[in-house]
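# Fold and contact review
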Amino acid sequence: MSGQQTDSSSNHAPLEFLSFTLGNEEYGIDIQRVQELRGYEAVTRIANAPDFMKGVMNLRGVIVPIIDLRMKFALGVADYDQFTVVVILNISGQTIGIVVDSVSDVITLTRDQIKPTPEIGSTIEADFLIGLAPLEERMLILMDIHKLMSSDDMGLQFAVTM
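Now for a description of the structure that goes with this document. All values derive from a computational prediction rather than experimental measurement.

### As for the environment of Ala133
With respect to the helices and strands, Ala133 occurs in strand β9 (residues 129–135). Residue Ala133 is classed as buried on the basis of its relative accessible area, which comes to 0%. C-alpha of Ala133 to C-alpha of Lys115: the two residues are 18 residues apart in sequence and 6.1 Å apart in space. Contact partners of Ala133, with chain neighbours within four places excluded, come to Leu109, Gln113, Arg138, Met139, Leu140 and Leu142.

Structure representation (structure tokens):
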């Protein structure tokens, strides 16, 4: 009986998303996946890696792959400036960095505010989207960063947990 109560209360629990920009669009990812935010710094390029894989960086003794989401989604080449941010994520125990144009803020949403993604042609596959959240004068595209980072085309290897 207490299990049912937990299920219904988690359905109404607010969800928090870190919002960031890529080009002219604003995206959101589950804040629980975010480990830290860093300014962009030079990375070590890995031979034969896909273009969107910028390279790796040493983060306090951990080698972290850095992925440029703008390049991954074919949104043009980014100019790295003082607003460029590397979002350090923890996905299935792995540390990964994603380069975004800028970070906006943390947005709290209820499940009712998240609308399904319409079936339209997009540079981001629908499988990697949670939905859309219309906010006053803007639309937040909610990304399932875990599914995206663990997809085969990313080429990242995740440890299998037993």
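Picking up where we left off.
### Digging into the nonpolar core
Inside soluble globular proteins, nonpolar side chains tend to come together where they are buried. By size, the foremost hydrophobic cluster in this structure holds 28 residues, and its most contacted members are Ile29, Leu69 and Met149. Counting only elements with at least two residues in this core, the list comes to β1 (15–22), β2 (25–30), β6 (85–91), β7 (94–100), β9, β10 (138–143) and α3 (145–149). Not counting the four nearest positions on each side in its chain, Ile29 is found in contact with Glu16, Phe17, Leu18, Phe20, Val34, Val87, Leu89, Ile98, Met143 and Ile145. If you look at the next biggest cluster of nonpolar residues, it comprises 8 residues, including Phe17, Ile107, Ile114 and Ala133.

### Details of the pattern of salt bridges
Counted by the stated rule, this structure contains 5 salt bridges. A salt bridge links Arg38 to Glu36, with the nearest nitrogen and oxygen atoms 3.5 Å apart. Look at Glu36 and you get buried, because its relative accessible area is 18%. A salt bridge links Asp101 to Arg70, with the shortest nitrogen-to-oxygen separation between them at 2.6 Å. Linking Asp101 in the loop between β7 and β8 (102–109) with Arg70 in helix α2 (residues 69–72), this pair joins segments that are 31 residues apart in sequence. Assessed through its relative accessible area of 13%, Arg70 is described here as buried. One continuous salt-bridge network, built from bridges that share partners, spans Glu36, Arg38, Glu41 and Arg60.

### A few points about the sheet that holds β6
Judged by pairing direction, the sheet is mixed, and its 5 strands sit side by side in the order β3-β6-β7-β5-β4 without closing on themselves. A strand with exactly one partner marks an edge of an open sheet, and here the two such strands are β3 (34–39) and β4 (53–59). On average, each strand axis in the sheet is tilted by 30° relative to the strand beside it, whichever way the strands run. Bridge count between strand β5 (residues 62–68) and β7: 3 bridges; the pairing is parallel.

### What about the environment of Gln32?
Inspection of the secondary structure puts Gln32 in the loop between β2 and β3. On the basis of relative accessibility, which here comes to 72%, the residue Gln32 falls in the exposed class. Considered as a pair, Gln32 and Phe17 are 15 residues apart in the sequence and their alpha carbons are 8.2 Å apart.

Scoring rules and cut-offs
Residues numbered from 1 in each chain as written. Predicted model: local features only at pLDDT ≥ 70, side-chain atom pairs only at ≥ 80, totals over all residues. Heavy atoms only, no water. Helix = DSSP H or I, 4+ residues; strand = E, 2+ residues; numbered from the N terminus. Buried < 20%, exposed > 50% of the residue type's maximum accessible area, 1.4 Å probe, protein only. Contact = heavy atoms within 4.5 Å. Core = buried A, V, L, I, M, F, W, Y, C linked by side-chain atoms within 4.5 Å. Salt bridge = Lys/Arg side-chain N within 4 Å of Asp/Glu carboxyl O. Pairing = 2+ DSSP bridges. Axes fitted to C-alpha atoms, helices over the stretch in contact; angles between N-to-C directions.

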